[in-house]
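# Reading the structure
What follows is each chain in one-letter form.
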Amino acid sequence: ISITDKLEDFLPPNHPLNLDEMLQNPFDYELPFGHPDLNEMMNITELDMPKIPVYFDHPDVITSFTAARALPPGHVSVTDLFEDYLPSDHPLNLDEMLQNPSEYELPLGHPDFADMMDVRHLETPSIAVYFDHPNATESFIAGRALP
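Here's a quick rundown of the structure. Quick caveat, the model's predicted, so the values are computed rather than measured.

For the rest of this paragraph, the subject is the overall build of the protein. When helices and strands are counted, the protein shows six helices and two strands. Going residue by residue from the N terminus, the α and β elements of the protein occur as α-α-β-α-α-α-β-α. For the protein, the C-alpha radius of gyration of 25 Å lies well beyond 15 Å, the compact-globule estimate for 147 residues. With respect to the principal axes defined by its C-alpha atoms, the protein has extents near 85 × 30 × 30 Å. For the protein, with 147 residues in total, the buried portion stands at 18%. Averaging the locations of the 5 positively and 27 negatively charged side chains of the protein gives two centres separated by 15 Å.

As structure tokens, then:
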């Protein structure tokens, strides 16, 4: 995406033209006094991403990715879950990326994976037992079989 192409019609005549070069090499340029705030020129839109339900014990994706921990065998296809929502310039095979995280780097500003997950907690059933039933948790921890 060329920022120059998007903004050239709005630049004053004395403005350096190659904005892409300037933004890629910010230490080579200086914003003049009174320059408009760059952030005010952006219209940030929310990504239309699904929220995938995962259980409470799902590993933190960004921690696993940065630690180069691969997607476990048998994991549901992440590509299938997100392919309809990816920007056109996004690498398509997410499964390949997550199975080989050390070979890929997340770009600056990549959306937070946590925002794409809907963490679900297990529903706790309530089973009727008699008043003299042994404490199931204590029995399990102590290695005692339950009746």
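Moving on: the nonpolar core. Within the largest apolar cluster, 14 residues are counted, with the highest numbers of intra-cluster contacts made by Val78, Phe82, Leu94 and Leu98. Secondary-structure elements contributing two or more residues to this core are strand 1 (52-55), helix 3 (61-66), helix 4 (78-82) and helix 5 (94-99). No other element matches the three residues that helix 5 contributes to this core. If we ignore the near neighbours within four places in the chain, the residues touching Leu94 are Val78, Thr79, Phe82 and Leu86.

Take a nonpolar patch on the surface next. Together, Leu23, Leu31, Leu38 and Met41 make up an exposed nonpolar region whose accessible area comes to about 360 Å². Take Leu31: it is sitting in the loop between helix 2 (19-24) and strand 1.

Here the focus is the pattern of salt bridges. On inspection of all chains with the given rule, the structure shows one salt bridge. A salt bridge links Arg120 to Asp118, with the nearest nitrogen and oxygen atoms 2.9 Å apart. Take Arg120: its relative accessible area is 41%, and that puts it in the partly exposed class.

Positive phi is not limited to glycine here, since Ala68 has a value of about 60°. Within the secondary structure, Ala68 sits in the loop between helix 3 and helix 4. You can call Ala68 partly exposed: its relative accessible area is 39%.

Okay, the environment of Leu94 next. One can find Leu94 in helix 5. A sequence separation of 92 residues divides Leu94 from Ser2, and the C-alpha atoms of the two residues are 25 Å apart.

By secondary structure assignment, the location of Ser139 is in helix 6 (residues 136-142). Of note is the side chain of Ser139, whose polar atom sits 2.9 Å from the backbone oxygen of Asn135. Ser139 has contacts with Pro134, Arg144 and Leu146, leaving out every residue within four places of it along the chain.

Thresholds applied
- Residues numbered from 1 in each chain as written.
- Predicted model: local features only at pLDDT ≥ 70, side-chain atom pairs only at ≥ 80, totals over all residues.
- Heavy atoms only, no water.
- Helix = DSSP H or I, 4+ residues; strand = E, 2+ residues; numbered from the N terminus.
- Rg over C-alpha atoms; globule rule 2.2 N^0.38 Å.
- Buried < 20%, exposed > 50% of the residue type's maximum accessible area, 1.4 Å probe, protein only.
- Lys, Arg positive; Asp, Glu negative; His and termini not counted.
- Charge placed at Lys NZ, Arg CZ, Asp CG, Glu CD.
- Core = buried A, V, L, I, M, F, W, Y, C linked by side-chain atoms within 4.5 Å.
- Contact = heavy atoms within 4.5 Å.
- Patch = residues over 30% accessible without salt bridge, like charges linked within 9 Å, V, L, I, M, F, W, Y side chains within 5 Å.
- Areas by Shrake-Rupley, 256 points an atom, 1.4 Å probe, with all protein chains shown as cover.
- Salt bridge = Lys/Arg side-chain N within 4 Å of Asp/Glu carboxyl O.
- Polar contact = N/O pair within 3.5 Å; in protein donor to acceptor, adjacent residues only side chain to side chain.

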